[in-house]
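Summary of the model geometry
Chain by chain, the residues:
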Amino acid sequence: MWQNYIFGMHWKHDGKMYYDELPAESKEAAAEYFIDHKRDDVSLVKVELLGPNEGGVREFVVSPNSPFSPLIARRRLDKDEDAR
């Protein structure tokens, strides 16, 4: 069984600082995911461990601007993706 954690992602866009939260297995995995999926005009400033992911207990912060590209595929939660 692996443990998931919640990480606070401090990022910068156009001279303003923003904050979001991201679940991941490690600080390195959270930073890699953010860097791999971020928009070109966004920079990662700091990653901090907030604690274990309690699975539905907390509501994630949503910044006014998304650090991720709108072209990234989103998973559909309204239907079973494995159903054929």
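The notes below deal with the structure included here. (Residues numbered from 1 in each chain as written. Predicted model: local features only at pLDDT ≥ 70, side-chain atom pairs only at ≥ 80, totals over all residues. Heavy atoms only, no water.)

1. Examining the packing of aromatic side chains
Within this structure, the stated rule accounts for 2 aromatic pairs. Seen from their ring centres, Tyr 5 and Phe 7 are 6.4 Å apart, and the 65 degrees between their planes marks the pair as edge-to-face. For Phe 7, a relative accessible area of 3% gives the class buried. Judged by centre distance (4.7 Å) and plane angle (25 degrees), the rings of Trp 11 and Tyr 18 are stacked. Pair check on accessibility: Trp 11 and Tyr 18 agree, each one buried. (Phe/Tyr/Trp six-rings, centres within 6.5 Å; stacked < 30°, edge-to-face > 60°. Buried < 20%, exposed > 50% of the residue type's maximum accessible area, 1.4 Å probe, protein only.)

2. Side note on the pattern of salt bridges
Taken as a whole, this structure holds 2 salt bridges when the rule is applied. Ionic pairing is found between Arg 39 and Asp 41, a salt bridge with its closest N-O pair at 3.0 Å. (Salt bridge = Lys/Arg side-chain N within 4 Å of Asp/Glu carboxyl O.)

On their own, these measurements won't tell you what the molecule is for.
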